[in-house]
Amino acid sequence: MNRTLTQSPVTPTLVRLTLPMIWGVFAIIAFSLADTYFVAQLGTRQLAAMSFTFPVVTLLGSVSMGLGVGAASVIARAIGVGERDRVRRLTTNSLSLALLLVALLAIAGLATIDPVFTALGAGPDVLPLVREYMTIWYGGVLFLVVPMVGTSALRAAGDTFIPSVIMTVAALVNIVLDPLLIFGFGPVPGLGLKGAAIATVIGRATTLIASVLFLHFREKMLLWKLPHPKDLVADWRLVLHVGIPATGTQAIAPISTALITGLIATYGAPAVAGFGIATRVEAFALIVLMALSASIGPFVGQNWGAQRYDRVYRAIRISFIFCLIWGLLLTVILAAGSEQIAAQFDTNSQVVAIASTYLTLVPISYGTLGLMLVASSSFNALGKPLPSLTMTVGRLLVLYVPLAYLGSFLFGITGIFAAACFANLVVGIGAYWWTQKTQKARSAEPVIESGVGIRESGVGKI
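What counts, and where the lines are drawn
Residues numbered from 1 in each chain as written. Predicted model: local features only at pLDDT ≥ 70, side-chain atom pairs only at ≥ 80, totals over all residues. Heavy atoms only, no water. Disulfide = S-S within 2.5 Å. Buried < 20%, exposed > 50% of the residue type's maximum accessible area, 1.4 Å probe, protein only. Helix = DSSP H or I, 4+ residues; strand = E, 2+ residues; numbered from the N terminus. Contact = heavy atoms within 4.5 Å. Axes fitted to C-alpha atoms, helices over the stretch in contact; angles between N-to-C directions. Parallel < 35°, antiparallel > 145°, perpendicular 65-115°, else oblique. Left-handed = near helix turned anticlockwise from the far one by under 90°. Nonpolar A, V, L, I, M, F, W, Y, C, P; charged D, E, K, R; others polar. Core = buried A, V, L, I, M, F, W, Y, C linked by side-chain atoms within 4.5 Å. Polar contact = N/O pair within 3.5 Å; in protein donor to acceptor, adjacent residues only side chain to side chain. Patch = residues over 30% accessible without salt bridge, like charges linked within 9 Å, V, L, I, M, F, W, Y side chains within 5 Å. Areas by Shrake-Rupley, 256 points an atom, 1.4 Å probe, with all protein chains shown as cover. Salt bridge = Lys/Arg side-chain N within 4 Å of Asp/Glu carboxyl O. Phe/Tyr/Trp six-rings, centres within 6.5 Å; stacked < 30°, edge-to-face > 60°. Expected span 1.5 Å × (residues − 1).

So, on to the state of the cysteines. Summed over all chains, the structure comprises 0 disulfides. There is no disulfide at Cys-323, and the cysteine sulfur nearest it, in Cys-421, is 16 Å away. You can call Cys-323 buried: its relative accessible area is 0%.

What follows is the structure in structure tokens.
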């Protein structure tokens, strides 16, 4: 709330924002891996049941992330302008929107468990397990959506350390409770898959409690009074203007991954295993770039609201340079050690060969993928979600998936990996061009958004 992101040196500020987020992103990955690991000990049916829940859980996760992106965008720009009362109102109304969304999601989800998961392919042997897991999960969806908005508001205020600590604590709670509730210990009975769901809900609940406490007592960003209906609707519209496209952006990735996995499955189980190993290694390799893209949003939003456009452009330029250097470093490391890395997961020669091919070829494009991630986050922070959605659709649905099928036909599985590399390169270069064009298109005179109170300059009139 003190607009420190508009005053401190650019590079040290970006480093200060990004370092905690690296650990925070790692904690999120660890949260998911812990569930998968412990449930796998129960048996094939339980693991299959959890696997069936991934598409729905990922989709609802995309909704919460999109809403968080929208809230962070409007809150950061309001902080940059210096409208403290408006920041409090935006934060409070964003959380109320999350509560409304939670109620709708929980009701719709609980009413459609059987038909949705039957359509996804869950048979009568695993459907009861899916039902017992998702009944608890839907009951705790409050602890998924609302904390995402709360921690996004904290990041918008320039604090990435506390959200990262909150995510880490949630992951640790989940890791501790998983074996206790799944298998039982002493007087605590083993609950199986139901125990995994309860552990997840409790872990998420810690994020809700912590984020609300920090927002109220430390940042003083909450109002405890009924909002005026006109203000409420106006603020919801602003959040959803960015949040809805951001949700679409988040949801596209798992859809395209499902299509690519189905294509790779035609090459047999070793191909799927190799692809799975490579993508998990990739997730860890990209943590730094993901953390940077999450951190630059609050910086861009606050400085744009404060009309410090020079700082915005400098931050994006520095981030772009870092992405290219980091991408080059990853390319060298993964290409040199791809076989050894893959062999740590599986000693099957076919699996290692496929994972090694992916980790040698695709990382060539990690630098430009970073350009796209930074550009997307920056556009969202400006309240311009269309470029981010366009770049994601272009990369995954227009280029990657069609070219993967063509590459598979022409060159086999290597062609699929080449398609991923090509799509990242093309869209990354396009992201650089789009940000440069947007920078040049900014009009000299700032204008006022009608009824918003957040100053904009007409950048990126898309």
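Time to look at the side chain of Asn-174. On the secondary structure map, Asn-174 appears in helix α7 (residues 161-183). In this structure Asn-174 comes out as buried when scored by relative accessible area, which is 0%. Residues contacting Asn-174, with those up to four places away along its chain left out, are Phe-31, Ala-34, Asp-35, Ala-199 and Thr-200.

Moving on: the packing of helix α1 (residues 10-40) against helix α11 (residues 287-305). Running from N to C, α1 and α11 point in directions that differ by 125°, and their axes come no closer than 7 Å. When the interaxial angle is binned, α1 and α11 end up oblique. Note that α1 runs across α11; the crossing there is right-handed. From α1, Val-10, Thr-13, Leu-14, Leu-17, Thr-18, Met-21, Ile-22, Val-25, Phe-26 and Ile-29 reach across to α11, where they touch Ile-287, Val-288, Met-290, Ala-291, Leu-292, Ala-294, Ser-295, Ile-296 and Phe-299. Class assignment of the residues belonging to the contact of α1 with α11 gives a composition of 16 nonpolar, 3 polar and no charged.

Bringing the nonpolar core into the picture now. Core analysis: the biggest nonpolar cluster contains 62 residues, and Ile-260, Ile-264, Tyr-358, Met-391, Tyr-400, Ile-416 and Phe-417 have the highest contact counts within it. Contact partners of Tyr-400, with chain neighbours within four places excluded, come to Ile-260, Arg-395, Ile-416, Ala-419, Ala-420 and Ala-423. Listed in part, the 58 residues of the second largest apolar core include Ile-79, Leu-97, Leu-208 and Trp-236.

Positive phi is not limited to glycine here, since Lys-220 has a value of about 55°. With respect to the secondary-structure elements, Lys-220 resides in the loop between α8 (193-218) and α9 (229-265). Even without a glycine there, the phi angle at Gln-307 is positive, about 60°. Among the secondary structure elements, Gln-307 is positioned in the loop between α11 and α12 (309-343). Note on Gln-307: relative accessible area 27%, which makes it partly exposed.

Let us now look at the side chain of Thr-207. Residue position: Thr-207 is located in helix α8. A distance of 2.4 Å separates the side chain of Thr-207 from the backbone oxygen of Arg-204, its partner in a polar contact. Ignoring any residue separated from it by four or fewer positions in sequence, one finds Thr-207 in contact with Phe-143, Pro-147, Ile-166 and Ala-170.

This part is about the environment of Gly-195. Here Gly-195 is to be found in helix α8. What makes Gly-195 buried here is its relative accessible area of 0%. Counting along the chain gives 156 residues from Gly-195 to Val-39, while the straight-line C-alpha distance between them is 9.5 Å. The residues touching Gly-195, leaving out its near neighbours within four places in the chain, are Leu-181 and Ile-182.

This next bit is on the environment of Ser-388. With respect to the element layout, Ser-388 can be found in helix α15 (residues 386-411). Take Ser-388: its relative accessible area is 3%, and that puts it in the buried class. For the pair Ser-388 and Met-372, spaced 16 residues apart in sequence, the C-alpha to C-alpha distance is 8.3 Å. Those residues within four positions of Ser-388 in sequence are excluded, and the remaining contacts are Thr-249, Ser-376 and Asn-380.

Attention now goes to a nonpolar patch on the surface. Nonpolar side chains collect at one region of the surface, where Trp-23, Phe-26, Leu-33 and Phe-284 lie side by side and expose about 380 Å² of accessible area between them. Looking at which element gives the most residues to the nonpolar patch, the answer is α1, with 3 residues. Among the structural elements, Phe-26 can be located in helix α1.

Here we come to the packing of aromatic side chains. Following the criterion strictly, the structure yields 12 aromatic pairs and no others. Look at Phe-275 and Tyr-358: their rings are 5.9 Å apart centre to centre, the planes differ by 75°, and that puts the pair in the edge-to-face class. Highlighted residues: Phe-275 in helix α10 (residues 269-285) and Tyr-358 in helix α13 (residues 349-361), separated in sequence by 83 residues. For the pair formed by Phe-275 and Tyr-358, the shared burial category is buried. Measuring from centroid to centroid gives 6.3 Å for Trp-304 and Tyr-313, while their planes differ by 70°, and the two rings are edge-to-face. With relative accessibility at 2%, the residue Trp-304 sits in the buried group.

Mapped onto the secondary structure, Leu-232 falls in helix α9. Accessibility expressed as a relative area gives 18% for Leu-232, which makes it buried. Spatially, the C-alpha atoms of Leu-232 and Gly-150 are 17 Å apart, while their sequence positions differ by 82 residues. What Leu-232 contacts, discounting residues up to four positions off in sequence, is Asn-93, Ser-96 and Pro-227.

Going through the model one piece at a time under the given rule, you end up with 9 salt bridges. Arg-218 is the partner of Glu-219 in a salt bridge, and the nearest nitrogen-oxygen pair spans 3.9 Å. We classify Glu-219 as buried; its relative accessible area is 13%. Looking at Arg-218, the relative accessible area reads 48%, which means it is partly exposed. Here the salt bridges share partners, and the residues they tie into one network are Arg-86, Arg-89, Asp-231 and Asp-235.

Here we come to helix α14 (residues 366-381). In this model, α14 (16 residues) spans 23 Å end to end at C-alpha, consistent with the 22 Å of a helix rising 1.5 Å per residue. Across the 16 residues of α14, 15 count as buried, placing the element largely inside the fold. Once α14 finishes, Gly-383 follows within two positions and takes phi at roughly 80°, a positive value.

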